[in-house]
Amino acid sequence: GGQPRGARAHVRVVDRAQVISASFATSACCHSQFLQFGWPRCASIHPSGAMAVGAALFFFFLAVALTAAPGGGGGDAALVEHTFVVSEIMLNHLCNDTPVIVVNGQLPGPAIEATEGDSVVVHVINKSPHGVTIHWHGVKQQLNCWADGAGMITQCPIQPNKNFTYRFNVIGQEGTLWWHAHVGFLRATVHGALIIRPRSGPGSYPFPKPDKEIPIVIGEWWDMEIVQVERRAASRIFDDWPRSPTINGKLGDLSNCSGFIEDNYVLNVEHGKTYLLRIVNAALHEQYNFKIAGHEFTVVAIDANYVKPYTTDTIVIASGETVDALLVAGAPPGRYYMIAQAMQSPEPFLQIPVLMSRGVVSYYPSKGSTDDTPIMAPEMPDQHDATTSFYFRGNLTSLLPQSVPANVDEQLFIAIDVGDICSHDGSHDNCMVTRLNNISFHLPTTTSLLQAHYNNNMSTSAISMLKEFPRCPPSSEFGYSPTSVGTAVRTVRYNTTVEIVFQNPYSSGMFSASNPMHLHGHDLFILGQGLGKFDPVKDVQAYNLVDPPVRNTALAPIYGWTAIRFVASNPGVWFLHCHMEKHVSSGMALALVVEDGPTPETTLPPPPADYRSCDGGQNNRALADE
């Protein structure tokens, strides 16, 4: 997050028209491909159409960011070491004892706190009945793909009663990331925050130093064993939903059973103080609206990348995303509800009751305020309202101008939709899968993709269902072409500039959802978003190539599209997938292979000495037997 150490401390004036012209000229070859599919124009809203932030606050932020001495005087890098014991415990909510998999007996799990430049070592001891891996979501893992922790992509699962140690550095990143299990649905309860502070200390934040920092982890409570949800999803039964969202593990007072009301998460604040909320959406599926009655937020970072300060009363955060926001305790002393409300796709998707959890912001000392004092509640958007999310994202821009590559080497157009894998002979009931460019992704079963790639054995002899991922979909219309199932892989040369347009189904009546697309090992320039069909001529002209937000997860809006660009400068095999678990588990994914560069410094090193090979499938079990 923030700017790389040694960044030039001045503002570069950019001619937007020249940059756009260069981009369009170099991309024309792929645009002709897009045009042959007849993708017509769509509504596009430029990210710079933001709500105005107070000029004084903005220039204060910018001045601090530009004048801070790079890497100045923050002390030597440290070793941050943790032991994660993964085990199964029983938790009681809503009158039920439910077995859950957790780390160190905690939900959420322990937060990892580091300083930029530190080395992190995490010893994972698996005492659960299931295979598990831990993914360090948003950590770039430069030349360290072996530690990415994506099950059967970079490693086989850590088997029950086995151990594995992850080692990685947090270099050139500042802000809030997180960690979670990356085998099946286990991340529902195996997750926690990963906080990286500036090397020069909190006083060097490019915003006023907060009085306190508070992690806020939005999760979901399921009243059935999560592996049962996973098994049903594997059989393409998708009608299971959580009973309630959670805020820092608490269901809140909207959840009750036989008169027993669940606890609220309580944030105690002091009037006049400023709090940095580090918000993580660790939910398996939904995008959430997050509000606190009587208060506004100033968003200062997303996915560990600083943004121009943006003031709003509603934060919208999709699964996998993080948002850092300043909260000033400036309301009259009292108690105020903090609400996380799930968004929901409209019909023909299955409709469920509103999912909402409440916490409480409580002022102290608060004269005349008692536990019986009424709690003020915010007005929430409708659960089907996608406009709030669309504009929230459109109002985010990078704090400083970005060096967006103008020349595009590899251009992909990825159609996101559902497919049918049945023969319709009456022998199958559950046929629906998700897919990208008509391929429903299937994890390898005997060898991790990274192991096969490193051994120069990326072939059907090692990966039986291997398929090359195509640059464009085979058909111009959603839902009318056959679906294939396979381990979809796209290979790019080292240092390739890749541009991807993600296109959702665009007409009402189609199965369309807001899909958060997460790429491991890289940050992404979010160039633009729009509603309807992507227009490869008109919409490219509206790309933000000056100060686009930088994220590791790009949300393709419902009935719309989003465009990203990144440089594939990190050798290895990196998972690109929707972060809604039912979507990725049913096929909404592909693997990106980034080839080695020309020098030892641009070549993936050998695996660590304790790296566990999958041994032809002997160590790849994920779920315990029923």
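Here the structure is a predicted model, which means the values were calculated and not measured.

What counts and how
- Residues numbered from 1 in each chain as written.
- Predicted model: local features only at pLDDT ≥ 70, side-chain atom pairs only at ≥ 80, totals over all residues.
- Heavy atoms only, no water.
- Helix = DSSP H or I, 4+ residues; strand = E, 2+ residues; numbered from the N terminus.
- Buried < 20%, exposed > 50% of the residue type's maximum accessible area, 1.4 Å probe, protein only.
- Contact = heavy atoms within 4.5 Å.
- Areas by Shrake-Rupley, 256 points an atom, 1.4 Å probe, with all protein chains shown as cover.
- Pairing = 2+ DSSP bridges.
- Axes fitted to C-alpha atoms, helices over the stretch in contact; angles between N-to-C directions.
- Disulfide = S-S within 2.5 Å.
- Core = buried A, V, L, I, M, F, W, Y, C linked by side-chain atoms within 4.5 Å.
- Domains from an automatic or database assignment.
- 1 Å grid on protein atoms, 1.4 Å probe; cavity = no way out; pocket = protein on both sides within 12 Å on 5 of 7 lines; lining within 4 Å.
- Points joined across faces, edges and corners; volume = space filled by probe spheres on them.
- Nonpolar A, V, L, I, M, F, W, Y, C, P; charged D, E, K, R; others polar.
- Salt bridge = Lys/Arg side-chain N within 4 Å of Asp/Glu carboxyl O.
- Polar contact = N/O pair within 3.5 Å; in protein donor to acceptor, adjacent residues only side chain to side chain.

Undergrad: Is there a simple way to explain the overall build of the chain in this structure?
TA: Within the chain one finds seven helices and 35 strands. Burial analysis of the chain (626 residues in total) assigns 59% to the buried set. Intrachain contacts of the chain at a sequence separation of at least 6 include 80% that bridge at least 24 residues. In the structure as shown, the chain presents an accessible area of about 23500 Å², 52% of it carried by carbon and sulfur atoms.

Undergrad: Quick question: what am I supposed to make of the sheet that holds strand β20 (residues 322-328) here?
TA: Two modes of strand pairing occur in sheets, parallel and antiparallel, and in both the strands are linked by backbone hydrogen bonds. In spatial order, the strands read β11-β10-β15-β20-β17-β18; together these six strands make up an open sheet with mixed pairing. Each edge of the open sheet is held by one strand with a lone partner, namely β11 (244-247) and β18 (305-312). Each adjacent strand pair in this sheet contributes to an overall mean axis angle of 25°, direction not counted. As defined by bridge partners, strand β10 (residues 212-221) adjoins β11 across four bridges and the pair is classed as antiparallel. Note on β11: the bridge partner recorded for W221 is S244.

Undergrad: Looking at this structure, I do not really get the state of the cysteines. What am I missing?
TA: A covalent bond between the sulfur atoms of two cysteines is what we call a disulfide. One pass over the structure, following the stated rule, counts one disulfide. Bridging C95 to C257, the disulfide has an S-S length of 1.9 Å. Here the S-S torsion is close to -120°, and the disulfide linking C95 with C257 is therefore left-handed. With C95 in the loop between β2 (79-93) and β3 (96-103) and C257 in strand β12 (residues 256-257), the pair connects residues that are 162 residues apart, well separated along the chain. A residue is classified by how much of its surface remains accessible, and C95, at 43% relative accessible area, is partly exposed.

Undergrad: It is not clear to me how the nonpolar core should be interpreted in this structure. Could you clarify?
TA: Side chains of nonpolar character tend, in soluble globular proteins, to be buried together. The biggest cluster of nonpolar side chains holds 47 residues, and the ones touching the most others in it are I414, L436, I500, F502, I564 and F566. It is strand β35 (residues 589-594) that contributes the most residues to this core, six residues altogether. Each of domain 1 (78-200) and domain 3 (410-595) gives at least three residues to this core. For F566, the residues in contact, after removing those within four places along its chain, are T496, T497, V498, I500, L519, H522, D523, L524 and L592. Counting 39 residues, the second largest nonpolar core, distinct from the first, contains L267, A293, Y310 and F392.

Undergrad: Would you take a moment to explain the environment of R187 for this structure?
TA: Inspection of the secondary structure assignment puts R187 in the loop between β8 (175-181) and β9 (191-197). Each C-alpha atom of the pair R187 and L284 lies 7.4 Å from the other, and the pair is 97 residues apart in sequence. Here R187 is in contact with W178, H180, A181, A282, A283, L284, S319, H579, M580 and E581, once residues within four sequence places are set aside.

Undergrad: Could you clarify how one ought to interpret the sheet that holds strand β16 (residues 288-292) in this entry?
TA: Sheet architecture is open: five strands sit in the order β14-β22-β21-β16-β19, paired in mixed fashion. For this open sheet the edge positions go to β14 (266-269) and β19 (315-317), each flanked by a neighbour on one side alone. The average undirected angle you get between the axes of adjacent strands in this sheet is 20°. Across four bridges, β14 lies against strand β22 (residues 356-363) in parallel orientation.

Undergrad: Help me understand empty space enclosed by the protein, please; the structure alone is not making it clear to me.
TA: Any empty space left between atoms is shown by rolling a water-sized probe over those atoms. Throughout the structure, instances matching the rule amount to nine cavities of 30 Å³ or more. As a volume, the largest cavity reaches approximately 150 Å³. Elements with a contribution of two residues or more to the lining of the largest cavity: α4 (387-394), β30 (524-532) and β32 (553-556). Of the residues belonging to the lining of the largest cavity, the class tally is seven nonpolar, five polar and three charged. Each of domain 2 (205-396) and domain 3 (410-595) accounts for three or more of the residues forming the lining of the largest cavity. Considering only enclosed or pocket space, the second largest cavity measures out at about 80 Å³ in volume. Lining the second largest cavity are 14 residues; nearest its centre among them are L107, G219, E220, T246 and G249. Of all the elements, β10 adds the most residues to the lining of the second largest cavity, at five residues. Taken together, the residues of the lining of the second largest cavity sort by class into seven nonpolar, six polar and one charged.

Undergrad: Teacher, can you tell me more about the layout of surface pockets here?
TA: Of the voids in this model, the second largest pocket is the one considered here, and its volume is about 940 Å³. G184, E230, A234, L443 and S585 are, among the 35 residues lining the second largest pocket, the residues nearest its centre. For the lining of the second largest pocket, the secondary-structure elements that each account for two or more residues are β8, α3 (226-234), β25 (439-441), β34 (572-578) and α7 (581-585). Sort the elements by how many residues they give to the lining of the second largest pocket and α3 lands first, with four residues. The class makeup of the residues in the lining of the second largest pocket is 17 nonpolar, 13 polar and five charged.

Undergrad: Looking at this structure, I do not really get the pattern of salt bridges. What am I missing?
TA: Any two side chains of opposite charge can pair, so long as their charged atoms come close to each other. If you walk through the whole model with that rule in mind, you get 21 salt bridges. As a salt-bridge pair, K140 and D523 come within 3.6 Å of each other at their nearest N and O atoms. Here K140, found in the loop between β6 (134-137) and β7 (163-169), pairs with D523, found in the loop between β29 (515-519) and β30; they are 383 residues apart in sequence, far enough to count as distant. Its relative accessible area of 28% is what places K140 among the partly exposed residues.

Undergrad: I would appreciate a short explanation of the environment of V299 in the present structure.
TA: Within the secondary structure, V299 sits in strand β17 (residues 297-302). Residue V299 is classed as buried on the basis of its relative accessible area of 0%. For the pair V299 and L327, spaced 28 residues apart in sequence, the C-alpha separation works out to 9.1 Å. If near-sequence neighbours (up to four positions away) are discounted, V299 is found in contact with V307, K308, P309, Y310, T312, I315, V323, D324, A325, F392 and L396.

Undergrad: Please clarify how the side chain of D118 should be interpreted in this entry.
TA: Positionally, D118 belongs in the loop between β4 (112-115) and β5 (119-126). With relative accessibility at 3%, the residue D118 sits in the buried group. Within polar-contact distance, the side chain of D118 engages the backbone nitrogen of T115 at 2.8 Å. Of note is the side chain of D118, whose polar atom sits 2.8 Å from the side chain of R199. Excluding residues within four positions of it along the chain, D118 makes contact with A77, A78, V80, F168, N169, V170 and R199.

Worth remembering: the numbers are spatial, not functional.
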